[in-house]
Amino acid sequence: MERKVSRICLTSEPNIIHFLQISWEKTLGSGFVITLTDGQSAWTGTVSESEISQEADDMAMKKEKYIDELRKALVSRAGPADTYKFNFSKESSHFSFEKNLKDVSFRLGSFNLEKVESPAEVIRELICYCLDTIAEKQAKNEHLQKENERLLRDWNDVQERFEKCVNAKEALETDLYKRFILVLNEKKTKIRSLQKLLNEVQEREKNTEHERESATCSEMTADRDAIYDESTDEESENQFDPTVLAPATVSKDDSIISIPDVTDIAPSRKRRQRMQKNLGTEPKMAPQEHQLQEKEK
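Residues numbered from 1 in each chain as written. Predicted model: local features only at pLDDT ≥ 70, side-chain atom pairs only at ≥ 80, totals over all residues. Heavy atoms only, no water.

The protein is annotated in an unreviewed UniProt entry as DNA repair protein XRCC4 of Propithecus coquereli. Check the Subunit (unreviewed entry) section of the UniProt entry for the protein; it says "Interacts with XKR4; interacts with the processed form of XKR4, which is cleaved by caspase." The record in UniProt for the protein states the following under Function (unreviewed entry): "Acts as an activator of the phospholipid scramblase activity of XKR4. This form, which is generated upon caspase-3 (CASP3) cleavage, translocates into the cytoplasm and interacts with XKR4, thereby promoting phosphatidylserine scramblase activity of XKR4 and leading to phosphatidylserine exposure on apoptotic cell surface." (UniProt positions renumbered as here; feature names shortened; annotations may be inferred.)

Caption draft 1: Seen up close, the pattern of salt bridges. Enumeration according to the criterion identifies 13 salt bridges in this entry. The residue Arg-107 makes a salt bridge to Glu-55 at a minimum N-O spacing of 3.4 Å. You can see Arg-107 sitting in strand β7 (residues 104-112) and its partner Glu-55 sitting in helix α1 (residues 49-58), a full 52 residues away along the chain. Judged by relative accessible area, which is 10%, Glu-55 ranks as buried. For Asp-175, the salt bridge goes to Arg-179, with nearest N and O atoms at 3.3 Å. (Salt bridge = Lys/Arg side-chain N within 4 Å of Asp/Glu carboxyl O. Helix = DSSP H or I, 4+ residues; strand = E, 2+ residues; numbered from the N terminus. Buried < 20%, exposed > 50% of the residue type's maximum accessible area, 1.4 Å probe, protein only.)

Caption draft 2: Geometry of the pairing of β7. Where strand β6 (residues 94-101) and β7 come together, 8 bridges link them in antiparallel fashion. Its bridge partner lying in β7, Phe-95 is registered against Phe-111. Linking two consecutive strands that pair antiparallel, namely β6 and β7, is a turn of 2 residues; a positive phi of about 55° is found at Lys-102 within it. (Pairing = 2+ DSSP bridges.)

Caption draft 3: Quick look at the confidence of the model for the protein. In the predicted model, the protein carries a mean pLDDT of 78, and 73% of its residues have values of at least 70. Taken as a whole, residues 238-266 scores under 50 in pLDDT and shows 10 contacts with residues more than four places along the chain or in a different chain. Confidence over residues 280-284 falls short of pLDDT 50; this stretch has 3 contacts with residues more than four positions distant or in other chains. (pLDDT = per-residue confidence, 0-100. Contact = heavy atoms within 4.5 Å.)

Caption draft 4: Geometry of the nonpolar core. Counting 27 residues, the largest nonpolar core has Leu-20, Ile-22, Phe-32, Leu-74, Phe-86, Phe-95 and Phe-97 as its most contacted members. Mapped by element, the contributors of at least two residues to this core are β2 (17-24), β3 (31-37), β4 (42-48), α1, α2 (63-76), β5 (84-89), β6 and β7. When residues of this core are assigned to their parent elements, the largest contribution, 6 residues, is made by α2. (Core = buried A, V, L, I, M, F, W, Y, C linked by side-chain atoms within 4.5 Å.)

Caption draft 5: Here's a closer look at the packing of aromatic side chains. Applying the stated criterion across every chain, the model contains 6 aromatic pairs. Arranged with centres 6.1 Å apart and planes meeting at 20°, the rings of Phe-86 and Phe-95 form a pair that is stacked. Take Phe-86 and Phe-95: they sit in the same class, and that class is buried. Ring centres of Phe-97 and Phe-111 lie 6.0 Å apart, and the angle between their planes is 35°; on these two criteria the pair is classed as tilted. Residue Phe-97 is located in strand β6, and its partner Phe-111 is located in strand β7; the two are separated by 14 residues in the primary sequence. Among the residues examined, Phe-97 registers a relative accessible area of 0% and is labelled buried. Feature note: the residues Phe-32, Phe-86, Phe-95, Phe-97 and Phe-111 constitute an aromatic cluster, connected by ring pairs. (Phe/Tyr/Trp six-rings, centres within 6.5 Å; stacked < 30°, edge-to-face > 60°.)

Caption draft 6: Here's a closer look at α1. Of all the positions in α1, only Ile-52, Glu-55 and Ala-56 are classed as buried. Burial along α1 is one-sided: seen end-on, the buried residues are contained in an arc of 100°. When the buried face of α1 is taken as reference, the exposed residues oriented beyond 90 degrees from it are Ser-50, Asp-57 and Asp-58. The secondary structure elements touched by the buried residues of α1 are β3, β4, α2 and β7. Positive phi appears at Ala-60, one or two residues downstream of α1, with a value of about 55°. (Arc of directions from axis to C-beta.)

Caption draft 7: Summary view of the environment of Leu-113. Along the chain, the position of Leu-113 falls in the loop between β7 and β8 (114-115). Not counting residues up to four positions away in its chain, the partners in contact with Leu-113 are Ile-34, Leu-36, Trp-43, Thr-44, Gly-45, Phe-88, Ser-93 and Phe-95.

Caption draft 8: Examining the sheet that holds β6 more closely. Taking strand neighbours across the sheet as the criterion, the 3 strands line up as β5-β6-β7 in an open arrangement whose pairing is antiparallel. The open sheet is flanked by β5 and β7, the only strands paired with a single partner. Looking at each pair of strands side by side, their axes are set apart by 20° on average, direction ignored. Strand direction decides the pairing type here: β5 and β6, joined by 6 bridges, are antiparallel. Paired with Asn-87 across the strands is Ser-96, a residue of β6. Set on the sheet, α2 makes contact with β5, β6 and β7; between it and β5 the angle comes to about 80°. (Axes fitted to C-alpha atoms, helices over the stretch in contact; angles between N-to-C directions.)

Here it is in structure tokens:
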């Protein structure tokens, strides 16, 4: 069974402290037992689940919402001290409580209690419960204190290890940085040497290419000269050589001279025209033809 004991002040007797105990089996909504005492007398009563539902219906409030309001008013006492007001009439043993919302207050619950014949037993039970609760809270507090001390020691150990790790990390970073600088300088030196070698190779390639271009140009010039010479030789071969045809012409002239004189010169003229066509006589032969004609005449 769960219990909750709290101090309250009644509206009718604000100077007298009363103790209110709420106990329940499963949940607060399934019913609870309420006990009220002023240290001399005690009153108790049982609130059933049906009465809780009836109160919720009377207030036009959902049951879950009403149970939550009951928990805040009787168990947790959430909010300021003047949020809830408690009233109790010793003559009628009627207990009620209200909730204040600014200038408006509305009743949350109203229960009828019965006076206990032996209040000392109820008071003793309340005192024992309070002492047990105090002892339980104190034991829990000691356990939490030990746990906090253990966590503090662990935290100190972790902090020391963390500082060692940080120092080791910084030392490792410094060492790695030094090594990196060495490797970087070596790489830079290699890159410079390779760049220098590459420039030399490129310069050699440029020179070689220039020489090749020069050789190619000279070869092309020689080829053009050779082609020009060949064309000149061919042209000279194709030109007419008068010395080749001279003997034939002379021989023909001699044969013509040896032929007996003919009075009609027309056939001779026609024959000379055919000979000119067959031999392809050039203008250089004109003086010879002229001499021949003179002789024929």
